[in-house]
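# Per-entry structural report
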Amino acid sequence: MRLVIVAKRPAIPLHRRKYPAELRSEWRAPKGIPMLLNANLQTGVATIRDGVKIPFVEQGDPGGFPVLFLHGYTDSWRSFEGVLPLLPHSIRAIAISQRGHGDADRPISGYRASDLAADLASFMDARAIESAVIVGHSMGSYTAQRFAIDNPHRTRGLILAGSYPTAKGNGEVEELKDAVSALVDPIDPNFVRSFQESTLARTISAEFLDAIIGESLKVPARVWQEAVKSLSRDDHSARLHEIAVPTLVVWGDQDAFFPRAEQDVLMRTIPGARLVTYAGAGHAIHWEEPRRFAVDVAGFVASLPR
């Protein structure tokens, strides 16, 4: 598979960024990487704390090693749709749509990292999962960190993709918050497209990108606003040293949101954390390199004690 790598984008306002023309060229998903709903995925809806209903998909051996996937800001379980079918059957892989996102219920509140971590614990109770590896992308990685801090006995390992020690004071996030503050329903599809394209440094399937944009369009303006407010003020960086499980940090060196310096902080503060860098990849690593990401997840899980 040939992927086009483009130069790092200039720092222009996020909501006015345009997807580079060279990334719009025709791209076909390689054999074995489905870009839309895979027939082997089992779908369900779980009722968690506060009566909130969240959708999820599951695949693999029901008695296998549980691995839970948490998507990023305004995404849904579909964020991992290209990754899940590539995982070995021995992994019980479950991807959820967090509250307010995708087809999940959209309560007024509960979008802080601590809230989403509590939701995850409640989901695990509902699905009779005692402990699991938690894989999180972007906002989902911050939820994963908080879950490991609050529930160390239920965390068997962490994979943090496009992650950060805190987004508080991050210029890109502050810019996004300012842009999102003006949103009203229905959300402008052009705004959503610009936002999602800003997470990419390489081409992905146009079909998959459209599906991701469609998921973000399901999110009401108030959730866009509440979630980004939480991103901009949550800070548990002083507690990262409490994470006491194997941790893999996965980062694309063209990530326009969280640079290498942020990864270095994670490496210094999470004991024993290991960094894997995807050269030429942007913030949405698992969209650009689903096969490599699946291999890294499987290898990490295989390295853990049973």
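One numbering rule holds for all chains: residues counted from 1, following each sequence as written. For this predicted model, a pLDDT threshold of at least 70 governs which residues receive local features, and a threshold of 80 or more governs which side-chain atom pairs are given and counted, while totals over whole chains, interfaces and linings are taken from all residues. Heavy atoms from the whole structure form the basis of all side-chain values; hydrogens and water molecules are not counted.

### Overview of the pairing of strand β8 (residues 274-278)
Stated precisely, the cut-off is as follows: At least two bridges found by DSSP between two strands are what make those strands a pair. Helix and strand definitions here come from DSSP, where helices need a minimum of 4 consecutive H or I residues and strands a minimum of 2 consecutive E residues; each element is numbered from the N-terminal end. With strands facing away from the observer, any crossover in which the path from the first strand over the helix to the second runs clockwise is taken as right-handed.
In this structure, strand β7 (residues 247-252) lies alongside β8, joined through five bridges in parallel fashion. The partner of W251 across the bridge, within β8, is T277. A crossover connection joins β7 to the parallel β8 through helix α7 (residues 260-269); in handedness this β-α-β unit is right-handed.

### Here's the deal with empty space enclosed by the protein
Test applied: Think of a 1 Å grid over just the protein atoms. A cavity is a set of points where a 1.4 Å probe fits yet cannot get out, a pocket is an open set with protein on both sides within 12 Å along at least five of seven lines, and lining residues have an atom within 4 Å of a point. Grid points are joined across faces, edges and corners, and a volume is the space filled by probe spheres set on the points. As a working rule, the residues Ala, Val, Leu, Ile, Met, Phe, Trp, Tyr, Cys and Pro are called nonpolar, Asp, Glu, Lys and Arg charged, and the rest polar, with Gly in that last group.
Under the definition given, this model contains four cavities of 30 Å³ or more. Taken as a whole, the largest cavity encloses approximately 200 Å³ of empty space. Taken together, 18 residues make up the lining of the largest cavity; nearest its centre are Y73, S138, F195, F257 and H283. Contributions of two or more residues to the lining of the largest cavity are made by α3 (171-180) and α4 (189-197). Among the residues making up the lining of the largest cavity, the classes are represented as 11 nonpolar, six polar and one charged. Of the voids in this model, the second largest cavity is the one considered here, and its volume is about 70 Å³. Elements represented by at least two residues in the lining of the second largest cavity include exactly α1 (113-126), α2 (139-150) and α6 (221-233). Considering only residue class, the lining of the second largest cavity consists of eight nonpolar, two polar and two charged.

Taken by themselves, the reported measurements are silent on function.
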